[in-house]
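Chain by chain, the residues run as shown.
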Amino acid sequence: MGKTLVGNHIRKLRFNHNEMTQQQLADKVGVTRQTIVALEKGNYSPSLELAFRFAQVFELPLEEIFYYGKHIESP
Amino acid sequence: MTYQEKKSIVSIVAAILITGLYSAFKYAHYPAEELDAEALYHYWGAFVLVLLLVSILAHIVISIVFNIVFRVTTREKEPGFADELDKLIELKSNRNGFFVFILGFLLAMVSLVLNKPISNMFIILITAGFLSDITGSATKLYHYRKGV
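These figures come from a predicted structure and were not determined experimentally.

Here's the deal with the pattern of salt bridges
Thought 1: In this structure the tally under the stated criterion is 6 salt bridges over all chains.
Thought 2: Between Arg 53 of chain A and Glu 49 of chain A there is a salt bridge, with its nearest N and O atoms 3.4 Å apart. With Arg 53 of chain A and Glu 49 of chain A both in helix H4 (residues 48–58) and 4 residues apart, this pair spans about one turn of that helix.
Thought 3: Among the residues examined, Arg 53 of chain A registers a relative accessible area of 26% and is labelled partly exposed.
Thought 4: A relative accessible area of 56% means that Glu 49 of chain A is categorised as exposed.
Thought 5: In this structure, Glu 90 of chain B and Lys 140 of chain B form a salt bridge, with 3.4 Å as the shortest nitrogen-oxygen distance. Taken together, the residues span a long stretch of sequence, with Glu 90 of chain B in helix H3 (residues 84–113) and Lys 140 of chain B in helix H4 (residues 118–146) at a distance of 50 residues.
Thought 6: The exposure class of Glu 90 of chain B is partly exposed, given its relative accessible area of 35%.

Points about the packing of aromatic side chains
Thought 1: Under the definition given, this model contains 11 aromatic pairs over all chains.
Thought 2: Aromatic pair Phe 54 of chain A and Phe 58 of chain A: ring centres 6.5 Å apart, planes at 15 degrees, arrangement stacked. Here the residue Phe 54 of chain A and the residue Phe 58 of chain A both occupy positions in helix H4, the gap between them amounting to 4 residues, near one helical turn. Like Phe 58 of chain A, Phe 54 of chain A is buried.
Thought 3: Taken together, a centroid distance of 5.3 Å and an interplanar angle of 40 degrees make the contact between Trp 44 of chain B and Phe 47 of chain B tilted. With Trp 44 of chain B and Phe 47 of chain B both in helix H2 (residues 37–74) and 3 residues apart, this pair spans about one turn of that helix.
Thought 4: Its relative accessible area of 6% is what places Trp 44 of chain B among the buried residues.
Thought 5: By relative accessible area, Phe 47 of chain B is classed as buried at 6%.
Thought 6: An aromatic cluster is defined as three or more aromatic residues linked by ring pairs; in this entry it consists of Tyr 22, Tyr 30, Tyr 43, Trp 44, Phe 47 and Phe 122 of chain B.

Digging into the UniProt feature "transmembrane region" (unreviewed entry) in chain B
Thought 1: The feature "transmembrane region" (unreviewed entry), as given by UniProt, occupies residues 9–29, 41–70, 97–115 and 121–142 of chain B in the numbering adopted here.
Thought 2: Segment residues 9–29 of chain B splits into 95% helix and 0% strand. End C-alpha atoms: 30 Å apart.

Notes on unusual backbone geometry
All names here are of chain A.
Thought 1: Here the phi dihedral of Asn 18 falls at roughly 55 degrees; this positive angle occurs in a residue that is not glycine.
Thought 2: Its identity is not glycine, yet Glu 59 carries a phi of approximately 55 degrees, on the positive side.
Thought 3: Looking at where Glu 59 falls in the secondary structure, it is placed in the loop between H4 and strand E2 (66–68).

Considering the nonpolar core
Thought 1: Ile 10, Leu 25, Val 29, Ile 36, Phe 54 and Ile 65 of chain A are the most contacted members of the largest nonpolar core, which has 23 residues in total.
Thought 2: Those elements giving two or more residues to this core turn out to be helix H1 (10–16), helix H2 (22–29), helix H3 (33–40) and H4 of chain A together with H3 of chain B.
Thought 3: Among the elements that make up this core, the one with the highest residue count is H4 of chain A (6 residues).
Thought 4: If we skip the residues at most four places from it in the chain, Ile 10 of chain A touches Leu 25, Leu 39, Glu 40, Phe 54, Phe 58, Ile 65 and Phe 66 of chain A.
Thought 5: One finds Tyr 22, Phe 47, Ala 108 and Phe 122 of chain B within the second-largest nonpolar core, a separate group that totals 11 residues.

Brief notes about the interface of chain A and chain B
Thought 1: Counting residues at the interface gives 15 residues for chain A, matched by 18 residues for chain B.
Thought 2: Regarding the contact of chain A and chain B, the summed buried area is about 1300 Å², with carbon and sulfur atoms giving 53% of it.
Thought 3: Here chain A and chain B share 1 salt bridge between them.
Thought 4: With its nearest N and O atoms 3.4 Å apart, the salt bridge here joins Arg 33 of chain A to Glu 76 of chain B.
Thought 5: Linking chain A with chain B are 6 residue pairs in polar contact (both at pLDDT 80 or more).
Thought 6: Partitioned by chemical class, the residues of the side of chain A that touches chain B number 6 nonpolar, 8 polar and 1 charged.

Conventions and cut-offs
- Residues numbered from 1 in each chain as written.
- Chains lettered and ligands numbered in written order.
- Predicted model: local features only at pLDDT ≥ 70, side-chain atom pairs only at ≥ 80, totals over all residues.
- Heavy atoms only, no water.
- Salt bridge = Lys/Arg side-chain N within 4 Å of Asp/Glu carboxyl O.
- Helix = DSSP H or I, 4+ residues; strand = E, 2+ residues; numbered from the N terminus.
- Buried < 20%, exposed > 50% of the residue type's maximum accessible area, 1.4 Å probe, protein only.
- Phe/Tyr/Trp six-rings, centres within 6.5 Å; stacked < 30°, edge-to-face > 60°.
- UniProt positions renumbered as here; feature names shortened; annotations may be inferred.
- Core = buried A, V, L, I, M, F, W, Y, C linked by side-chain atoms within 4.5 Å.
- Contact = heavy atoms within 4.5 Å.
- Buried area = accessible area lost by both parts, 1.4 Å probe.
- Polar contact = N/O pair within 3.5 Å; in protein donor to acceptor, adjacent residues only side chain to side chain.
- Nonpolar A, V, L, I, M, F, W, Y, C, P; charged D, E, K, R; others polar.

Listed below in structure tokens is the structure:
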């Protein structure tokens, strides 16, 4: 339980998209705000379908939103 | 604390209060004289049925009151639907709740096999139902706080 191996850049991407709020993103991908909170905290790995919905909203490929295992931020 | 976490805590407190108060009330009205088998089955049957009814009604009322208080205090609307995280947590809480109840059911059967008084079987079943309710809510609380 707890932190999953699937990490994400959702928090950073939200702010890069006109400081989108968690609620706005939740409405766009069709989940509750609490699920966005859990994803950003790394407490939940999304289903493949939900991951693709994030990709649609941010207009980015999956691997630029999600990563598996340890991830080193590029400078 | 999120809506779901608060709701799980309210569910646990409600379950403890409802079962505790109702059991205390029925205990005070337990017949002092020795009951024959028919009266005993009637007493425990009525106990379980009324407890179920009271429990359902009280949970509905508590849920309505909780939603009103939540809206007033946080000025936030409660989530109007269950998404994939909610459904996953619901499944896990149901699994744990059912597991506890099945365990209690088996213990109740064991008490019959060991020729214990029939009251024991009913008390074990009622306790198992109560613990299963608590386990379900506690599982929800745990997963909403710690993740899935």
